[in-house]
Each structure stands twice: as C-alpha cells, then as structure tokens.
Amino acid sequence: MKNLTLKKKIIITLYGTFATGVILVVILFSLISSGMLGFMPSFEELENPQTQLATEIFAADGKVLGTFFSENRSRVDYREISPNVINALIATEDIRFHDHSGIDARGLARVLFVTILLQEESSGGGSTITQQLAKLLFHDPATNVMERALQKLKEWVIAVKLERSYTKEEILTMYLNKAPFIYDAYGIKSAASTFFGKSPSDLKTEEAAVLIGMLKNPSLFNPVRRPEITLKRRNVVLHQMMKAKYLTKQTYDSLKTLPLQLEFQRAGHLGGLAPYFREYLRLTLTAEQPVRENYASWQSQKFYEDSIAWNTDPLFGWVNKNLKADGTKYDIYRDGLKIYTTIDSHLQTYAEKAVTKHLGQDLQPQFFKEKKGRSRAPFTRHLSQEAYDNIINRAIRQTDRYRILKRQGTSEDSIKIAFEKPVSMRVFSYHGEVDTIMSPLDSIHYYKSFLRASLFSMDPHSGYVRAYVGGPNYKHFKYDMATLGKRQVGSTIKPFVYTLAMQEGLTPCDMVPNIPQTFYLPTGQTWTPRNDGSKREGEMVSLKWGLAQSNNNVTAWIMKQYTPEAVVRMIHTLGIKSPMDPVPALALGTPDIGLSEMVAAYATYANKGVHTEPLFVTRIEDRYSNVISTFSPRRKEAINESNAYLMINLLEGVVNTGTGYRLRYRYHFKAEIGGKTGTTQNNSDGWFIGVTPNLVTGIWVGGEERDIHFDDIRQGQGASMALPIWAEYMKPAYNDPQSGVTEEDLFEKPGHFNVNLICPDEYKPNTDDKEVIESTYQNQNNEFY
C-alpha cells in the first residue's frame, strides 16, 4: 500500500512538474509575444520590415550604373533568383524548409541531443531559414549569453509569425535580400555582382554554392583572400545539394573539380561606369536651398546659379523638395530608390575609352617628353619662380596631410620636413596603379603632371545627356570639369558672335575685309587683335571662310559692326549662364564657361534654334517601383530656324575646309558634321565641340593649373588636344546600331529656305592636298588670342 501511494505521488509530481513547465513555457512565450520581455515587432512591422536598400542608378538602356548606399543592398524578386541559389540555400541551411512552420522540431532535437549532450559541433545548428530571417530583420548582435538565449526564444515566436504572414517563396526572397556578405555587399543581388559580375538569375550552380557557403561566416569563407578554404566550403554545399537530390552524383563529381572563377569588383562610389556623373547626380539631388551666408565671398556666381537651379530645376535639391507619405525626407542611401537617367551605357563606355586612349597613349607621353628635365615641370618654362612657389604652397595647404598636421599643432618647418620625407604610396598611371616610394611633395608634382579632360554629350532635341566624363580617373582626379569647372573657351565662342551676324541679316557667303580691326577702349587706349598668319590678309573673304579658318580679323569685324553688349545678350540667349564682361576681347574667348553650358548652346543650332537644357534624369521610383517624380525637357526658342541652319552651314565649313578638317582626312568621317576648335592663351585650354544632327559633343583638355600646358602650339591646340577624343568617341558610336546616330543622319533644311550657301571663295580640299592640310595646322595658331 505504501509503495502504491509513493508511486502515485511520484506520478503526480512528474505530471505536475510537466504541467508546470508547460504552463511556464506558455506564459514565457506569451510574455515574449506581447513584448513584455523586450522588443517584439508589431503586425505592421512584420508586414513591412524596415530594410536599408541602396538607391540604384539606371542608364537609359537599363544597365545599372551604380548605387548610393550605406548598405549596398538591392532588392530582387523570387523570379529573379536562379533556382541554383534557392536549392543551395535549402540544402545547406534548412532541408525541411517546406515542411515546417518556422521551427524545425527534428532540427532542435538534433541540436539538443547531438550537439549539446554529445558535444558534436559538426552536427549543425537548429535555426531554420525563417528563424535566421527573424534574426536579420529584428535583432542586433547579442552582448552576452543570456541576451542571446532570450533572442533565440524571440526568434522562434517571430519565425512562426513570419510563416503566417508570408509564403515560403517570400521568406526565401526576404532572407536572400537581407543576408550580409562582405566588401559592402548586402543581399544576393549585390553579392552576385560583386563576386561574379552578374545578376542572381544568371548564377551557375558552382557560383551559387560559393555565395551560399559564405553565409556561414563571410569573413572566413572569403573567396578573394581565402580561396582554398572557400573552395572546400563550396564543395560542402555542393555535397549537400547532392544529398538533397538537387544534383546527381555525376554532376557533383564534375562541379567539385572546378576552380573558383571570380569576376570580383567591389562596389563603391569610385569605380564603375560614369562615376563623375553619379557624383554630380548625388550632389544635385541632395542640394540644400541656397542661402547666401553658406557661400564664400568669392562664390557669388555659384550662389546665383544655384538659386536659379533651385527655382527652375526640379532635380536640383530633389531630396529637400519632396517628402514621403509620412512627411519625412527621402534618403538616397537607405530608401531603395530607382533613378532612371538619360545616360546611354554604350556611349558612356565609348566616351570613357576615348578620353583614356587619347590622354594615355598620345597626349600624356608627349607632355612628359616636353617637360622632361625642366626645373619647374610640369609648369610652363615661362612661369616665374615666385608664381611657381605660390602654386605649390597652395597645393600643400589644400591636402588632408597638411590639415591633419596643422590640427595636431605641428610647426610649418616640421610640416615642410614631413612633405619632403619619402613614404610608401600607391599612385595613378594609365597602366594601372603603381606602388612606389615618393615624398608627398613629389606626389603633388606627379599628379599635376597629368593633363585633364572632360566630355559632355547630349541629344540636341530631347536634351538627354548621353555621355558624361568629368576627368581622366575619378578615384585620383575628382574635380569634375564637365559641369563644375569653368575655363576660358577660346575660339569656341566665335560661333556665338557669328550667330548675332546671322540674326542681323548677314549670310555665310557675305564678303568682308580681312584686315586688322582696332577698338577704342574707354580708358583711351586701343586694342587690335592680330592673326599669327597672313593668309589672304587684305582680301575680301566670306564669313564662312573666316569661321573655318578661325580668323580673328573677321570675328573682330563682326564685333565692330554691333556691340560687345549685343554679343553678351546673344550668348545668354543661347543658354550660357556664366558671367562675362561686354568688352571687345570677348569675341576671342576670354570668358570662363563650363563645358556643359557650351554643348547645350551649340545644341541649339542642331535643334532648329530651340535651346534645350540638358536633362539627366527621366523618372524616380520608390522601392516598390511606384513612380514618384518625372522630369521633362525645359525648352525655349533662342533663334529662328533659318538662322540656326545658317550656323550649321558655317560650322560644317570648319570641318570641311578649316581647323576641324582632320576629321575628314585623318579620321575619314563622311557624315554631316559641324564643329569648332578652340585654344586659349598660351595653349592653356584645348576645346572641340562637334555637332551632328542627333548628337552634340564637347571636349575640353587642359592642366589642373592654367600654367600647366604645352609650350608648343602643335600639341597644345584644340585640334590636337580635344578633337581626337571626339573622333575616338564617334567612331564606335557610328558603328553601333543602338547608339541612335548614323553617318547617314542629315541636318534638316527649313522649308522655303533659299539662301545661297556656296561661297565664291569656298574650297574643299582633297585629303591628299598637303598644302591645304599644312595651312590648316598653321591657321590654328590664330586661336589662342
């Protein structure tokens, strides 16, 4: 009887203990679920988990140009993920994924008895993919064991809730979009691009296995730094896929022998296509409303232009002009916006290659050769020692190294010693970066030795900016000369002077005297622009001949018929915003103007006299692909269609018989092309702007400082520095059927147009006419005044 009573007590105790445990577990999970034991996401948060997504920048043809991000993560849909990735993930992380509701009881039992009791760590973990997703979405790393234990229990609850709210496909997609890798890659789309240069839909089985294998420990299984251990981990994933019957034994045996084949390219703002354009876009989108006190005393023009942009350009300051539904500003680094630009990825590629080829293979070697052995290289030999010292000292003070030393209280003498001490550094070269030992002072000279170049190309009708190159290499030369920098424009300003003449009733074939013109200045002095050459001096010449040869006498004659003020008004009418003084020398290109301004002004001629502002973006979408902003061209009629066509004829004369003739005899272009070369004082700047019916492109080339230039006019003229880049850009563009430009494109003549355009002194040289070709070279000496 006593034994029976004891047995009964034991049973009651056991049942009581079990029941108490169950009740405690129910209470514990109820407290967890209600959020009383710490944060628990609400239903709304489960339905709309907050994930930082990178803003993607798309070219007009759909190619991703780059991203803005704090975490480089881009969202993909389930259908955009290769089945190889899905199979590898399930086989490796959660083989019973489709059979459980967030918690895998068999997996938990394995962990309890095999991993914990038998101490076999190789048996694997018990977290399902859904639990791992819960951790990624709602938990930061735990600081201690107890905190992690509580997090684990919360993950069970969240996992069950996630399973109730989402389908299995949605959970897999969310997990793969959230999973962190390394090298600023977050999510499967960024990882696929970073390590294999492709989209998730194109990943092969062995590539998918590498990425899924990395999830266990991305730093350890790093295919870039630890290829051997990563290869072993990849083969483990492949073996798991075979065990799960996603691969046959034969396929597994074949794949496991393959080497790692990476196409590694770390995402960032420095590399990729169109980096100068992407930085321009970032600065434009995030611009603040201009306030005068936020600008330096010498930035009055910048304040003026920004104020106009704020009021007229919806893209300028877009982040600060548009609010989300909840009243907060958009964040281009976290909100996963999609920005669709007007850039053509093919033309952009051609543009970057053209700049690199001409600078790296032609100009830079010639420049090094000219400056070799000179004491103040790369500066002109005419620069005084005092001016040289001032430039170098200013450059030193502008470096981060100087500012850091100064903040540390280092004396000027000690800073000078530091700048003369050789240190290890990696420097730019056109053959790739070079590891070397060089003093910081020498590095300043080294980088100033490289010529800079920019290219801006737009559709004259739509205003779409098709290619944008701000410099030779964004990582090493960040200053953008496509839209931010301004330099003297030389003879590229002359067509604006001729435009005034056309508007006032003159025509290309009107004859004018080719004689020096003297201007009487308000100071009582006189100014007479001169030509270096004397070709046809004293004769009557056509206006077409005058522009083709970039003749200063003819341009000055036009200026004298009207007024400098009238020329300034015409220039502003054509869309130029930069300031300029109404003085006679204006006609020879003394003002500083930006490349994008010049290109847009020239595009007016190809667009029948209608000026169109450059358009960089067509629309912006939110992370859910809802269109939140659209952008349209901003147009105004500047000159009438007939005068625009007369200007096209004049510009064609430059290419057919004048300073741009090498496009015909050297590069063998047959298309209808207008253009103008330009060279400024002492060859400091070389310009060429080429006009075709459907694409207008400008190029500027020069040194970082105005005193860094060729001393020889043969290399320093615009026809040698800038024009070849245009040619190297347009050759592949004409050969690409998707570029939108062909050599068959024609300038459209206005209806009822009856002006004679065949001038009495017009002469079209043959490509083997050496005398004419040589005179073309010599006449370009006229341009730097």
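Note that the structure is a prediction, hence the values are computed from the model and not measured.

Reading guide: rules and limits
Residues numbered from 1 in each chain as written. Predicted model: local features only at pLDDT ≥ 70, side-chain atom pairs only at ≥ 80, totals over all residues. Heavy atoms only, no water. Helix = DSSP H or I, 4+ residues; strand = E, 2+ residues; numbered from the N terminus. Buried < 20%, exposed > 50% of the residue type's maximum accessible area, 1.4 Å probe, protein only. Contact = heavy atoms within 4.5 Å. Areas by Shrake-Rupley, 256 points an atom, 1.4 Å probe, with all protein chains shown as cover. Disulfide = S-S within 2.5 Å. Pairing = 2+ DSSP bridges. Axes fitted to C-alpha atoms, helices over the stretch in contact; angles between N-to-C directions. Salt bridge = Lys/Arg side-chain N within 4 Å of Asp/Glu carboxyl O. Core = buried A, V, L, I, M, F, W, Y, C linked by side-chain atoms within 4.5 Å. Polar contact = N/O pair within 3.5 Å; in protein donor to acceptor, adjacent residues only side chain to side chain. Patch = residues over 30% accessible without salt bridge, like charges linked within 9 Å, V, L, I, M, F, W, Y side chains within 5 Å.

Secondary structure assignment for the chain yields 30 helices and 20 strands. Counting the 785 residues in the chain, one finds 53% classified as buried. Intrachain contacts of the chain at a sequence separation of at least 6 include 69% that bridge at least 24 residues. Surface accessibility of the chain: about 36800 Å² in total, with carbon and sulfur atoms responsible for 52%.

A few words on the side chain of Asp 711. Counting through the fold element by element, Asp 711 comes out in the loop between strand S20 (695–702) and helix H27 (713–716). Accessibility expressed as a relative area gives 18% for Asp 711, which makes it buried. Beyond its immediate chain neighbours, meaning those up to four positions away, Asp 711 contacts Glu 370, Lys 371, Arg 374, Thr 380, Arg 381, His 382 and Asn 683.

The next subject is the state of the cysteines. Think of a disulfide as a covalent bridge from one cysteine sulfur atom to another cysteine sulfur atom. All told, the structure shown has one disulfide when counted by the stated rule. Across a sulfur-sulfur distance of 2.1 Å, Cys 509 and Cys 759 are joined as a disulfide pair. What sets the handedness of the Cys 509 and Cys 759 disulfide is the S-S torsion sign, and at about -85 degrees it is left-handed. Residue Cys 509 is found in the loop between helix H20 (494–503) and strand S9 (511–513), and its partner Cys 759 is found in the loop between helix H29 (723–735) and helix H30 (770–779); the two are separated by 250 residues along the sequence. The class of Cys 509 is buried, set by a relative accessible area of 11%.

Moving on to the environment of Ser 642. Residue position: Ser 642 is located in helix H25 (residues 641–657). Among the residues examined, Ser 642 registers a relative accessible area of 33% and is labelled partly exposed. If we skip the residues at most four places from it in the chain, Ser 642 touches Pro 750 and Phe 753.

Another aspect to go through is the sheet that holds S20. A sheet is described by the order of its strands in space; here five strands give the open sequence S7-S6-S20-S19-S18, paired in antiparallel fashion. Edge strands, defined here as strands with exactly one partner in the open sheet, are strand S7 (465–469) and strand S18 (674–679). Looking at each pair of strands side by side, their axes are set apart by 5 degrees on average, direction ignored. This element, H25, spans S18 and strand S19 (685–692) of the sheet and lies at about 65 degrees to S18.

Oppositely charged side chains are able to pair whenever their charged atoms sit close together. Taken as a whole and judged by the stated rule, the model has 38 salt bridges. The closest approach of N and O atoms between Glu 704 and Arg 452, which form a salt bridge, is 3.2 Å. Of this pair, Glu 704 sits in the loop between S20 and H27 while Arg 452 sits in strand S6 (residues 452–458), and the two are 252 residues apart along the sequence. Judged by its relative accessible area of 37%, Glu 704 falls in the partly exposed class.

The sheet built from five strands is open, its strands ordered S2-S1-S3-S15-S16 with mixed pairing. The sheet is open, and its two edges are formed by strand S2 (64–68) and strand S16 (627–630), each paired on a single side. For this sheet, the mean angle separating the axes of adjacent strands, direction not counted, is 20 degrees. Of the strand pairs in this sheet, strand S15 (residues 617–621) and S16 are connected by three bridges, and their pairing is antiparallel. Following the sheet pairing, Ile 620 is matched in S16 by Ser 629. Along the sheet, helix H12 (residues 275–285) makes contact with strand S1 (55–58), S2, strand S3 (338–341) and S15, crossing S2 at roughly 45 degrees.

Quick look at the nonpolar core now. For soluble globular proteins, the rule of thumb is that nonpolar side chains tend to be buried together. One finds Leu 281, Leu 285, Phe 456, Tyr 468, Phe 496, Met 598 and Phe 616 to be the most contacted residues of the largest nonpolar core, which totals 95 residues. Element by element, the count of residues in this core is highest for helix H24 (residues 595–606), at nine residues. Once you skip the residues sitting within four places of it in the chain, Leu 281 turns out to touch Ile 57, Phe 68, Leu 315, Ile 339, Thr 341 and Val 617. By size, the runner-up hydrophobic cluster in this structure holds 49 residues, among which are Leu 347, Val 355, Tyr 729 and Ala 733.

Next up on the list: the side chain of Thr 205. Take Thr 205: it is sitting in helix H9 (residues 205–214). A distance of 3.1 Å separates the side chain of Thr 205 from the side chain of Asn 84, its partner in a polar contact. Not counting the four nearest positions on each side in its chain, Thr 205 is found in contact with Asn 84, Leu 238, Met 241, Leu 247 and Leu 255.

Quick look at a nonpolar patch on the surface now. On the surface, Leu 6, Ile 10 and Leu 14 cluster together into a nonpolar patch covering about 300 Å² of accessible area. Relative to the elements of secondary structure, Leu 14 occurs in helix H1 (residues 2–34). For Leu 14, a relative accessible area of 55% corresponds to the exposed category.

So, about the environment of Arg 233. Examined against the element boundaries, Arg 233 turns out to sit in helix H10 (residues 227–243). Note: C-alpha distance between Arg 233 and Ile 212 (21 residues apart in sequence) is 9.3 Å. Beyond its immediate chain neighbours, meaning those up to four positions away, Arg 233 contacts Thr 92, Glu 93, Gly 213, Lys 216 and Phe 221.

So, about H9. Where burial is concerned, most of H9 is hidden: ten out of the ten residues are buried. Those residues of H9 that sit buried are Thr 205, Glu 206, Glu 207, Ala 208, Ala 209, Val 210, Leu 211, Ile 212, Gly 213 and Met 214. Residues of H9 that are buried in the fold lie against helix H3 (83–93), helix H7 (168–178), helix H8 (187–196), H10 and helix H11 (249–255).

Now for the pairing of S15. Of all five residues in S15, four are buried, a share of seventy percent or more. Adjacent in sequence and paired antiparallel, S15 and S16 are bridged by five residues, among which Ser 625 carries a positive phi angle near 70 degrees.

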